[in-house]
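Working through the structure, step by step
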Amino acid sequence: MRFALIPVLLAGFAGVAAPAASDKDPLAGRVAGAPVDCIDRSQLGGPDIIDNRTILYRQSLKRVWRNDLEAACQGLRPTATIIIQVYGGQLCRNDLFQAREPGAIIPGPICRLGKFTPYDLPK
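Values in this document were obtained by computation on a predicted structure and should not be read as measured data. Residue positions are given per chain, counted from 1 along the sequence in the order it is written. Given that the model is predicted, a residue must reach a pLDDT of at least 70 before its local features are reported, and side-chain atom pairs must reach 80 or more before they are shown or counted; all residues, however, enter totals for whole chains, interfaces and linings. Note that water and hydrogens are dropped before the side-chain values are worked out from all heavy atoms of the structure.

Let's talk about the nonpolar core
Only buried residues count toward a nonpolar core. Its members are Ala, Val, Leu, Ile, Met, Phe, Trp, Tyr and Cys residues joined through side-chain atoms within 4.5 Å. Exposed residues in this analysis have more than 50% of their type's maximum accessible area, buried residues have under 20%, and partly exposed residues fall in between, with area computed by a 1.4 Å probe over protein chains only. Ranked by size, the top nonpolar core spans 19 residues in total, and within it Ile-55, Tyr-57, Leu-76, Leu-91 and Phe-97 carry the most contacts. Secondary structure is summarised from DSSP: a helix means a run of H or I of at least four residues, a strand means a run of E of at least two, and numbering begins at the N terminus for each. The set of elements that each furnish at least two residues to this core consists of strand E5 (54–58), strand E7 (81–86) and strand E9 (96–100). The element contributing the most residues to this core is E7, with three residues.

Okay, structure coming up:
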């Protein structure tokens, strides 16, 4: 079993811009596409935790992936770090993860990712 620690803060991703601090809705002006079960994690920035049911991953300036969790994940907050059990090069629906608050020794409960919905800027 392999674990990947994916920090909440975006840094060091070539070609992926972090959202501006003044962005109120990172999906504003974007068009939702059909949800998929898996996405390639090699080109992702993030995650950006919105609330205990929603995580965003930025793929590029034009595409943001929204993950709506299968159920609310207690302890998942914007300040948390997500620890995901990764199998291969993709993030997939039903992959398991835990959220850990800064300074905490023990991560929160095990939660599951949901489907990934692409949000693209209109052409």
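Quick notes on the state of the cysteines
When two cysteine sulfur atoms lie within 2.5 Å, the pair is treated as a disulfide. For the structure shown, the criterion picks out two disulfides. Paired by a disulfide, Cys-38 and Cys-92 hold their sulfur atoms 2.0 Å apart. Looking along the S-S bond of the Cys-38-Cys-92 disulfide, the torsion reads about 115°, which is the right-handed sense. A residue pair is termed long-range when its members are at least 10 positions apart, and Cys-38 in strand E3 (residues 38–40) and Cys-92 in strand E8 (residues 90–92) qualify at 54 residues. A relative accessible area of 16% places Cys-92 in the buried class. The disulfide bridge from Cys-73 ends at Cys-111, spanning 2.0 Å between sulfur atoms. On the S-S bond that ties Cys-73 to Cys-111, the torsion sits near 80°, and the link is right-handed. Here Cys-73 is found in the loop between strand E6 (63–68) and E7, whereas its partner Cys-111 is found in strand E10 (residues 111–112), with 38 residues between them in sequence. Cysteine pairing for the protein, with bonded cysteines counted in sequence order: 1-3, 2-4.

What is shown is where atoms sit, not what they do.
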